[in-house]
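# Descriptive structure summary
Chain residues, written in single-letter form:
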Amino acid sequence: MAMLSRRTLVQGAAALSLTTSPLLASRLLAAADRPALPIPPEIRADANGVIALTARRGQMNFVPGLTTPTYGINGDYLGPTVRARRGDKLAMRVNNRLDQDITMHWHGAIVAGEADGGPHSAIKPAATWTAAFTVAQPAATLWYHPHIYPATAELVVRGLAGLFIIDDEDSDALGLPSRYGIDDIPLVLQDRRFTPDGQIFHRMNLPAVTVGYVGDVMLVNGAPSPVAKTARGWLRFRVLNGSNARNYRFAVSDDRAFYMIATDGGLLEAPVEIKTIDIHPGERFEILIDARDGKPFDLVTHPVEAPIMRLPPFDGALAMVSIVPDGVDGAGRLPDALVRLPALPNELPPLSRTIETTMNLDAQGMGELKRAGIMKIGLHQPADPALVRQLTQRLVDDPALSESEQLAANGINGVPFALQMERMEVLRGRPLRWLISEGTDQMLHPIHIHGCQFRILSFGKGPVPPRLTGWKDTVPIEAGGSAEILVTFPLGASEAFPYMVHCHILEHEDSGMMAQFTVS
């Protein structure tokens, strides 16, 4: 078992020293004690159905001895886990105590456009916005985050995000691990990069609008390299990829199998036994791991295909969080079956819409990274320090784009996003077949659609992989790939408050890779 220890902290510090300063690296190196995994507190509606969320400034000590200014929701960093049941009537009351506009989007929730929290629902500083809706979907692990244009990436990277868990009678009856924080563990995966004085680095420059945000410190629930002491028995992990751009190749350090039980929008029909799973920005999954033997293990990420995402410490197996199942015996179990999903129709509707990504600065941005040596980053070998230095200089030192350059960098169907752009029109309550495509684009794009949960009909040239079955709101495409989906929009979205379809690499979203549509 490869338990994360001082050795891994040394490796992380060495990688960080290439991108920041010896001072910051030495502070990380001196951190002998690892933090306990923070468990976000739960928040439920009061007697009037109100859930109060406040976006505010905070501060954290991600790097020992240094204070990092952050944003948080009801706290210093990240937000509480919103907990609701199917059928609940909620009033989500969001107060903005920051000095810039925000919104709050309920990612994966099937709500009307006026309650969705898209970029047209700006909350001014010192103002409060209330989204009223009824929870009308099955048990699932959703999340929430700002969606203001064009600053979503900056707000999320500073800490504005949280989980939103829906329960229902069907999930209650399955006997799954359900003691929150004990055998039902939330994991928010994020990568971050820090400046020499401990600030969170983020800059909308040419590399950012090309490949997205590339961090070099791994955080789980806002903690670097944490340890989770859990119950002994079957453990349930609700995993959110809350990173701006990084995808993870998730596995267990001792190579044991685990069981996928849910995707973005809820439970699968039956558990799927796997040993590794990819999770892309915005996606969620739930898994069960057998820890009845009480032996500790790490949850790790392995190197992925994109060379820029293999810079240290992501150039080898990296332990994200260590699990020590030495608590009381849990009562949760692994069911043979989960829930019944609606059968896909034998006769599909005609293809009605194509959503194709556009990257206007891709040749320029990738050209710069190729000249810095990006194609020399191997998949199964340590990265050369000199090469890492060259590439991180491009990521960190490239100047910010002007606003006009940023907003024109990317697009959907050849057109960069603008708040006043034309809305596509979609019919309400009717099954629709859409094609999500990259055309000739080779970059990873996890495409998210508001106001729905959809089913994937085809994925590239092969069968739909298990991790993409069930209800989804985000589908990752790459290497010129495509996916066909079957989607229905049960609620309306007006001209004033349209739904969005966009890439969930947030730097792509904030540079034009988004479109909007009405539903009526």
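Residues numbered from 1 in each chain as written. Predicted model: local features only at pLDDT ≥ 70, side-chain atom pairs only at ≥ 80, totals over all residues. Heavy atoms only, no water.

We now examine the overall build of the protein chain. Tallying secondary structure elements over the protein chain gives 9 helices and 31 strands in all. Computed over C-alpha atoms, the radius of gyration of the protein chain comes to 22 Å, within 12% of the 24 Å expected from 2.2 N^0.38 for 520 residues, which places it in the range of a compact globule. Overall size of the protein chain, expressed as C-alpha extent along the three principal axes, is 55 × 55 × 50 Å. Counting only residues that meet the buried cut, the protein chain has 61% of its 520 residues in that class. Intrachain contacts of the protein chain at a sequence separation of at least 6 include 79% that bridge at least 24 residues. Looking at the protein chain as shown, the accessible area adds up to about 19200 Å², and 52% of this sits on carbon and sulfur atoms. (Helix = DSSP H or I, 4+ residues; strand = E, 2+ residues; numbered from the N terminus. Rg over C-alpha atoms; globule rule 2.2 N^0.38 Å. Buried < 20%, exposed > 50% of the residue type's maximum accessible area, 1.4 Å probe, protein only. Contact = heavy atoms within 4.5 Å. Areas by Shrake-Rupley, 256 points an atom, 1.4 Å probe, with all protein chains shown as cover.)

This paragraph deals with the sheet that holds strand β3 (residues 68–73). In a beta sheet, neighbouring strands are held together by backbone hydrogen bonds and run either parallel or antiparallel to one another. Spatial ordering of the open sheet is given by β3-β2-β5-β7, a layout of 4 strands whose pairing is mixed. Edge positions in the sheet fall to β3 and β7 (128–134), since each has one partner strand and no second. Strand-to-strand twist across the sheet, computed as the mean angle between neighbouring axes with direction ignored, equals 15°. Where strand β5 (residues 89–96) meets β7, 7 bridges bridge the pair, whose relative direction is antiparallel. Among the inter-strand pairings, R93 is bridged to a residue of β7, identified as T130. (Pairing = 2+ DSSP bridges. Axes fitted to C-alpha atoms, helices over the stretch in contact; angles between N-to-C directions.)

Here we come to the pattern of salt bridges. All told, the structure shown has 32 salt bridges when counted by the stated rule. The partner of R83 in a salt bridge is E42, with the nearest N and O atoms 2.8 Å apart. Of the two residues, R83 is situated in strand β4 (residues 81–85) and E42 in strand β1 (residues 42–43); the sequence distance between them amounts to 41 residues. Two residues, D278 and R249, come together in a salt bridge whose shortest N-O distance is 2.8 Å. One end of the pair, D278, is in strand β18 (residues 276–279); the other, R249, is in strand β15 (residues 248–252), with 29 residues separating them in the sequence. A relative accessible area of 16% places D278 in the buried class. You can call R249 buried: its relative accessible area is 16%. Each member of the salt-bridge network shares a partner with another, and the members are D264, E283, R284, R467, K472 and D473. (Salt bridge = Lys/Arg side-chain N within 4 Å of Asp/Glu carboxyl O.)

The side chains of a regular strand alternate between the sheet's two faces. By the bridge criterion, 5 bridges tie strand β16 (residues 258–263) to strand β17 (residues 266–274) in an arrangement that is antiparallel. Following the sheet pairing, M260 is matched in β17 by V272. The hairpin formed by β16 and β17 contains 2 residues between the paired strands.

By the definition in use, this model includes 15 aromatic pairs. Each ring, one from F489 and one from F517, has its centre 5.1 Å from the other, and the planes form 65°; the classification is edge-to-face. Linking F489 in the loop between β29 (482–487) and β30 (499–503) with F517 in strand β31 (residues 514–519), this pair joins segments that are 28 residues apart in sequence. The two residues F489 and F517 agree in class, both being buried. (Phe/Tyr/Trp six-rings, centres within 6.5 Å; stacked < 30°, edge-to-face > 60°.)

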